[in-house]
Each structure stands twice: as structure tokens, then as C-alpha cells.
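# Summary of the model geometry
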Amino acid sequence: MSTTIRIIFLVLLSIWTNALLAADKPLPPTLMLKSIEFVLVPAGVFEMGSTKEEAFAAFKDANLRSAMLEDHVFVAEGPKHTIYLDAYYISKYELTNAQYRAFVNE
């Protein structure tokens, strides 16, 4: 699956969610679209990223399973910061190739 198609899918899902938000009605907790169940992730804040200590601990833990990992990959997680996201919908289950193909074909 190409990155461009993924981005298009996410943009369309975002437009769809924003249209629902603009209607000034409460968002339903789940939606069905083309036999795909989507669940609401409410708007709010969360901590994104890692502190240097958390990144180093994750690198040490992961390095036990694969010696091919490099620490700079984990350091790129920093700095830890607070992010606000508007409400959005996400599919409850991973999409199958057939579901994704149907989306692309439409």
C-alpha cells in the first residue's frame, strides 16, 4: 500500500469527521461506513514523545531482541510534549486488503 494512498485515506476520513463536527450535533460513538466500523476518539490532550531516559530504556529493551537497532532512532522520539487533537474516528479493526482496495476503487 503506497504512502500517497494512505495519506489520501486519512485526509478523507478527517474531512468526513470535520463535516460531522460542523453539524453541531454530538458525535456518535461508532459509525459504519462501507461495512467498516469506526470508533470515536474524543478530542483532548496527550503526552507525545519520550524523555531521553525513556528513549534510552526503550533502546536497551529493544536491543535485547535485535542488535541491529540504533539509538538515534529512539532519541528521535523526543522531546516529550503535550499535543491537543480534535475528535476523530479510527477503524475499530485493521482494514483488510479487500476493504482498502474497495476504498481506493471508489
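In what follows, the accompanying structure is described. This structure is a prediction, so every number in the text was calculated from the model and none was measured.

## Some remarks on the sheet that holds strand β5 (residues 88-91)
Strand order in the open sheet formed by three strands is β1-β2-β5, with antiparallel pairing between adjacent strands. The sheet is open, and its two edges are formed by β1 (30-33) and β5, each paired on a single side. Strand-to-strand twist across the sheet, computed as the mean angle between neighbouring axes with direction ignored, equals 35 degrees. Pairing of strand β2 (residues 36-41) with β5, which is carried by four bridges, proceeds in the antiparallel orientation. Looking at β5, one finds that Phe38 is bridged to Ser91.

## Structural notes on the nonpolar core
Formed by Leu13, Leu27, Leu31, Ile36, Phe38, Ala87 and Tyr89, the largest nonpolar core amounts to seven residues. Each residue touching Tyr89, except ones within four places of it in the same chain, is listed here: Leu13, Thr17, Leu20, Leu27, Pro28, Pro29, Leu31, Phe38, Val39 and Leu40.

## Digging into a nonpolar patch on the surface
Residues Phe46, Met48, Leu85, Tyr88 and Ile90 make up a contiguous nonpolar surface patch of about 420 Å² in total accessible area. Every element with two or more residues in the nonpolar patch is listed here: β3 (44-48) and β5. Looking at where Phe46 falls in the secondary structure, it is placed in strand β3. By relative accessible area, which is 37% here, Phe46 ends up partly exposed.

## Section: the side chain of Ser50
Within the fold, Ser50 resides in the loop between β3 and α2 (52-63). The exposure class of Ser50 is buried, given its relative accessible area of 14%. Excluding residues within four positions of it along the chain, Ser50 makes contact with Ala55, Glu77, Gly78, Pro79 and Lys80.

## Description of α2
Here α2 spans 16 Å end to end across twelve residues, near enough to the 16 Å set by a 1.5 Å rise per residue. Buried within α2 we find Ala55, Phe59 and Ala62. Viewed along the axis of α2, the buried residues span an arc of 75 degrees, placing them on a single side of the element. In α2, those exposed residues whose orientation departs by more than 90 degrees from the buried face are Glu53 and Phe56.

About the thresholds
- Residues numbered from 1 in each chain as written.
- Predicted model: local features only at pLDDT ≥ 70, side-chain atom pairs only at ≥ 80, totals over all residues.
- Heavy atoms only, no water.
- Pairing = 2+ DSSP bridges.
- Helix = DSSP H or I, 4+ residues; strand = E, 2+ residues; numbered from the N terminus.
- Axes fitted to C-alpha atoms, helices over the stretch in contact; angles between N-to-C directions.
- Core = buried A, V, L, I, M, F, W, Y, C linked by side-chain atoms within 4.5 Å.
- Buried < 20%, exposed > 50% of the residue type's maximum accessible area, 1.4 Å probe, protein only.
- Contact = heavy atoms within 4.5 Å.
- Patch = residues over 30% accessible without salt bridge, like charges linked within 9 Å, V, L, I, M, F, W, Y side chains within 5 Å.
- Areas by Shrake-Rupley, 256 points an atom, 1.4 Å probe, with all protein chains shown as cover.
- Salt bridge = Lys/Arg side-chain N within 4 Å of Asp/Glu carboxyl O.
- Expected span 1.5 Å × (residues − 1).
- Arc of directions from axis to C-beta.

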